[in-house]
Amino acid sequence: MLWQGKSVRKASGGRYHHARGKRRHEIGSAPANTYIGADRRKISRVRGGNIKVRAFRCEIASVCNQKTGETVRATIEKVEENSANPNFVRRNLLTKGAIIKTSVGRAKIVSRPGQHGVINAVLLTE
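Just so we're clear, the structure is a prediction, and the values are computed from it rather than from any experiment.

Peer 1: I would appreciate a short explanation of the pattern of salt bridges in the present structure.
Peer 2: Any two side chains of opposite charge can pair, on the condition that their charged atoms come close. Applying the stated criterion to the full structure yields five salt bridges. Across the pair Glu-80 and Arg-106 runs a salt bridge whose closest N-O atoms are separated by 2.5 Å. In this pair, Glu-80 sits in strand β7 (residues 70-81) while Arg-106 sits in strand β9 (residues 105-109), placing the two residues 26 residues apart along the sequence. When its relative accessible area of 25% is taken as the criterion, Glu-80 is described as partly exposed. One salt-bridge network, in which partners are shared between bridges, spans Glu-80, Glu-81 and Arg-106.

Peer 1: For this particular structure, what's the right way to read the pairing of β7?
Peer 2: Within a regular beta strand, the side chains point alternately toward one face of the sheet and then the other, so they alternate between its two faces. As defined by bridge partners, strand β6 (residues 60-65) adjoins β7 across six bridges and the pair is classed as antiparallel. Its bridge partner being in β7, Ala-61 is matched across the sheet by Ala-74. A loop of four residues connects β6 with β7, the two strands running antiparallel in sequence, and Gly-69 in this loop sits at a positive phi of about 80°. Note: β7 against strand β8 (residues 99-102), four bridges, orientation antiparallel. Residue pairing in the sheet places Val-79 in a bridge with Ile-100 of β8.

Scoring rules and cut-offs
- Residues numbered from 1 in each chain as written.
- Predicted model: local features only at pLDDT ≥ 70, side-chain atom pairs only at ≥ 80, totals over all residues.
- Heavy atoms only, no water.
- Salt bridge = Lys/Arg side-chain N within 4 Å of Asp/Glu carboxyl O.
- Helix = DSSP H or I, 4+ residues; strand = E, 2+ residues; numbered from the N terminus.
- Buried < 20%, exposed > 50% of the residue type's maximum accessible area, 1.4 Å probe, protein only.
- Pairing = 2+ DSSP bridges.

What follows is the structure, encoded as structure tokens:
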């Protein structure tokens, strides 16, 4: 788990002396690390009683062709590029901004699979 509260250190390197300790709502969750495979999702309750769908595995993406304006469901074949981390390409991890090879062509993921639970992508025209 990752604590996402206020930093202990100032920009100058000095120390903040907090009036209270850590709180449960300040703890982050582990990354979903969504990869290609049979669909596996988990619904989790987050701060404020809201719901977050975390996708752990996905094999279908909603790919939008911006020229025609139509969206089709396409199967994901592999991850071709990922500017977030080059190791994600080898591990076939699906993150926002990753370029994937689908059954309809190359597409760029515009949703956050670990946060939204779906993969929405935009068809790349080259």
